[in-house]
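# Chains, contacts and geometry: an overview
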Amino acid sequence: MAWALKLPLTDEVIESGLVQDFDASLSGIGQELGAGAYSMSDVLALPIFKQEESNLPPDNENKILPFQYVLCAATSPAIKLHDETLTYLNQGQSYEIRMLDNRKIGELPEITSKMVKSIIRVVFHDRRLQYTEHQQLEGWRWNRPGDRILDLDIPMSVGMIDPRANPTQLNTVEFLWDPSKRTSVFIQVHCISTEFTMRKHGGEKGVPFRIQIDTFKENDSIEYTEHQHSASCQVKVFKPKGADRKQKTDREKMEKRAPQEREKYQSSYETTILTECSPWPEVTYVSNSPSPSFISTHTTFPVVVSEGNGSPSEPEPVVPVVVENLLPTATPQDALQWLHRNRFSTFSRLFTNFSGADLLKLTREDVIQICGPADGIRLFNAMKGRVVRPRLTVYVCQESQQAREQQQQKHENGDSPNNTFFVYHAIYLEDLTAAELTEKIAQLFNISPRQINQIFKQGPTGIHVLVSDEMIQNFQDEVCFVLDTMKDDTSDGYHIILK
């Protein structure tokens, strides 16, 4: 019991000794610092900090940033301090990017009064998706045939010259602009962030994108390959009006927080300034060679397909359409050759592993969804061997002398003349002209069209009416005629009479 009473006293002694030791360890600190200001330079001079400092990028404080890009969209207020800004965009909505000349007078005179080339890209922010970007974009292309990830709104843009888009680069556009003049580019992003999420069960967060702009000036070879400046910002894309709702939700959440908590978050700004970054590594696409003309997703224009290096390949020669049906027994290689022969080489990559049977199993809706409405209908009709219906079909039969005599004899005997058997041939007309009808009849008779002088139609009371373009245009479809020939006394030709 006595031992137990002494224990608190022992603790007090120990505690007193610890306090004295701690006070002693602090003695002299104030004397060393004195009244002078404390400087971090002495601490940063330690070897451990020097070693880390060698891995940091060089000081950019004095570096000239020739350009500045401003995206006219508000930043989110729900981003913590020292984190990168995040901007919400609506799918398909046009957003302005102001291209500003940030040079002082006399700086970088080599680009004064000259054009520069800027390339705008929408890329993935997450490193995991960056590694699989090609597969991700190919999957998006398959699900959204004919659409682009990034477009330029040309009518709304100002100061933009020679806008171009490579049809194989769905997420990239490029253009020239003069830094000395006002330039505003309007872009449209057509993909949404949730299209690239791993699991799609509803309510998942969308992946962030980056809008990056790389600007180049001309080199000695008059090619826009000399890098000048790059900047980017982080964005998320929502379905139409979804960005507005998300911005409102973030603002309401921040208003409910305590003032001390709100100080930990950034303020929302009306515009987003793109921050400097490294140039995009795909420098092979930066080329001064002619690129395909800008393509709108809602219209179809002839384009030249570019290779991976950005330079267009030689224009594909115009190959006449081969009337050849795709057989179910065709191998994947045969099916690819059939696509090339029938001018569907654009989609050969999509159907690389499709055999003839696989292609023929596709419904009309499937083909339209994969290839788009215009090319999809054309491909489906070609696979099914469908022929375009002619504008006018005329059935003709050549009346021989023997048939004419038999007809006359039956008429004299009072027999019905309708029992005579005639063989008719079909003539298909597209232009609906007398010249076309003359050519088709000459082919039927196996003679030269020059041997047919005139074509007449037998009218009321047996009169002969000259066949004109207007008359043919008023023929009923699938009309039947008996052809009678009459020798022209003034030449070696013939007159054709339609009865």
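Residues numbered from 1 in each chain as written. Predicted model: local features only at pLDDT ≥ 70, side-chain atom pairs only at ≥ 80, totals over all residues. Heavy atoms only, no water.

The protein appears in an unreviewed UniProt entry as Transcription factor CP2 from Gadus morhua. As stated in UniProt under Sequence similarities (unreviewed entry), the record for the protein gives "Belongs to the grh/CP2 family. CP2 subfamily." Comment text from UniProt for the protein, heading Subcellular location (unreviewed entry), reads "Nucleus". (UniProt positions renumbered as here; feature names shortened; annotations may be inferred.)

### Some thoughts on the packing of aromatic side chains
All told, the structure shown has eight aromatic pairs when counted by the stated rule. An angle of 45° between the planes, with centres 6.0 Å apart, marks the rings of F124 and F209 as tilted. Placement of the pair is F124 in strand β4 (residues 116-124) and F209 in strand β9 (residues 209-218), with a sequence separation of 85 residues. Assigned by exposure class, F124 and F209 land together as buried. Site record: aromatic cluster; members linked through ring pairs are F124, F196 and F209. For the cation-ring pair, K487 lies above Y494, with the distance from its terminal atom to the ring centre recorded as 5.6 Å. (Phe/Tyr/Trp six-rings, centres within 6.5 Å; stacked < 30°, edge-to-face > 60°. Helix = DSSP H or I, 4+ residues; strand = E, 2+ residues; numbered from the N terminus. Buried < 20%, exposed > 50% of the residue type's maximum accessible area, 1.4 Å probe, protein only. Lys NZ or Arg CZ within 6 Å of the ring centre and 35° of its normal.)

### Topic: unusual backbone geometry
Notably, D162 is not glycine yet its phi reads approximately 55°, a positive angle. In this structure, D162 sits in strand β6 (residues 161-164). We classify D162 as partly exposed; its relative accessible area is 33%.

### A closer look at helix α7 (residues 242-256)
Over its 15 residues, α7 runs 21 Å from end to end, which matches the ideal 21 Å to within 8%, given 1.5 Å per residue. Structurally, α7 contributes buried residues whose contacts are with β2 (86-90), β10 (224-238) and α8 (259-262). (Expected span 1.5 Å × (residues − 1). Contact = heavy atoms within 4.5 Å.)

### Focus on the packing of helix α11 (residues 364-371) against helix α12 (residues 373-383)
Between α11 and α12, the least distance of the axes is 7 Å, while the angle of their chain directions is 135°. In terms of axis orientation, α11 runs oblique to α12. Once α11 is placed against α12, the crossing between them reads as right-handed. Counting all contacts with α11, which are made through R364, V367, I368 and C371, the residues of α12 involved are P373, D375, G376, I377, L379, F380 and M383. Residue composition of the contact of α11 with α12, grouped by class: eight nonpolar, one polar and two charged. (Axes fitted to C-alpha atoms, helices over the stretch in contact; angles between N-to-C directions. Parallel < 35°, antiparallel > 145°, perpendicular 65-115°, else oblique. Left-handed = near helix turned anticlockwise from the far one by under 90°. Nonpolar A, V, L, I, M, F, W, Y, C, P; charged D, E, K, R; others polar.)

### Some thoughts on the nonpolar core
Counting residues in hydrophobic clusters, the biggest one holds 40 residues, and the most contacted among them are L71, L89, I97, I120, F209 and I211. The contact partners of I211, leaving out residues within four places of it in the chain, are L71, L89, I97, I120, R121, V122, I187, A231, S232, C233, V235 and L274. (Core = buried A, V, L, I, M, F, W, Y, C linked by side-chain atoms within 4.5 Å.)

### Quick word on the sheet that holds strand β11 (residues 272-273)
Ordered by their spatial adjacency, five strands build an open sheet running β5-β8-β3-β1-β11, and the pairing between neighbours is antiparallel. Across the chains shown, the open sheet's two edge strands, defined by having one partner strand only, are β5 (150-152) and β11. With two bridges connecting them, strand β1 (residues 67-71) and β11 associate as antiparallel partners. Residue pairing across strands places V70 opposite I273, the latter belonging to β11. (Pairing = 2+ DSSP bridges.)

### Looking at the sheet that holds strand β15 (residues 452-458)
Within the open sheet, the six strands sit side by side as β14-β13-β17-β18-β15-β16. Their pairing is mixed. Each edge of the sheet is formed by a strand with only one pairing partner; in this case those strands are β14 (425-429) and β16 (464-466). Neighbour-to-neighbour, the strand axes of the sheet open up by a mean angle of 40°, direction not taken into account. Alignment of strand β17 (residues 479-487) against strand β18 (residues 494-498), held across five bridges, turns out to be antiparallel. When the sheet's bridge partners are listed, L483 is paired in β18 with L498.

### Quick word on the pattern of salt bridges
Applying the stated rule across the entire model yields 14 salt bridges. The partner of E84 in a salt bridge is R210, with the nearest N and O atoms 2.5 Å apart. You can see E84 sitting in the loop between β1 and β2 and its partner R210 sitting in strand β9, a full 126 residues away along the chain. Salt-bridge contacts for D375 lead to R378; the nearest nitrogen and oxygen are separated by 4.0 Å. Remark: R378 and D375 occur in helix α12; sequence separation between them is three residues, near one turn of the helix. The class of R378 is partly exposed, set by a relative accessible area of 33%. Counted as one network, the salt bridges with shared partners bring together R144, D147 and E195. (Salt bridge = Lys/Arg side-chain N within 4 Å of Asp/Glu carboxyl O.)

### What about a positive patch on the surface?
A grouping of K80, K205, K253 and R257 is seen on the molecular surface, where their side chains present a positively charged patch. Considering the arrangement of structural elements, one finds K205 in the loop between β8 (183-189) and β9. (Patch = residues over 30% accessible without salt bridge, like charges linked within 9 Å, V, L, I, M, F, W, Y side chains within 5 Å. Areas by Shrake-Rupley, 256 points an atom, 1.4 Å probe, with all protein chains shown as cover. Lys, Arg positive; Asp, Glu negative; His and termini not counted. Charge placed at Lys NZ, Arg CZ, Asp CG, Glu CD.)

### Observations concerning the environment of I441
You can see I441 is positioned in helix α14 (residues 434-445). Here I441 falls in the buried class, since its relative accessible area comes to 0%. C-alpha separation for the pair I441 and L483, spaced 42 residues apart in sequence, amounts to 9.5 Å. With sequence-adjacent residues up to four places away left out, I441 is seen in contact with I427, I452, I455, L483 and I496.

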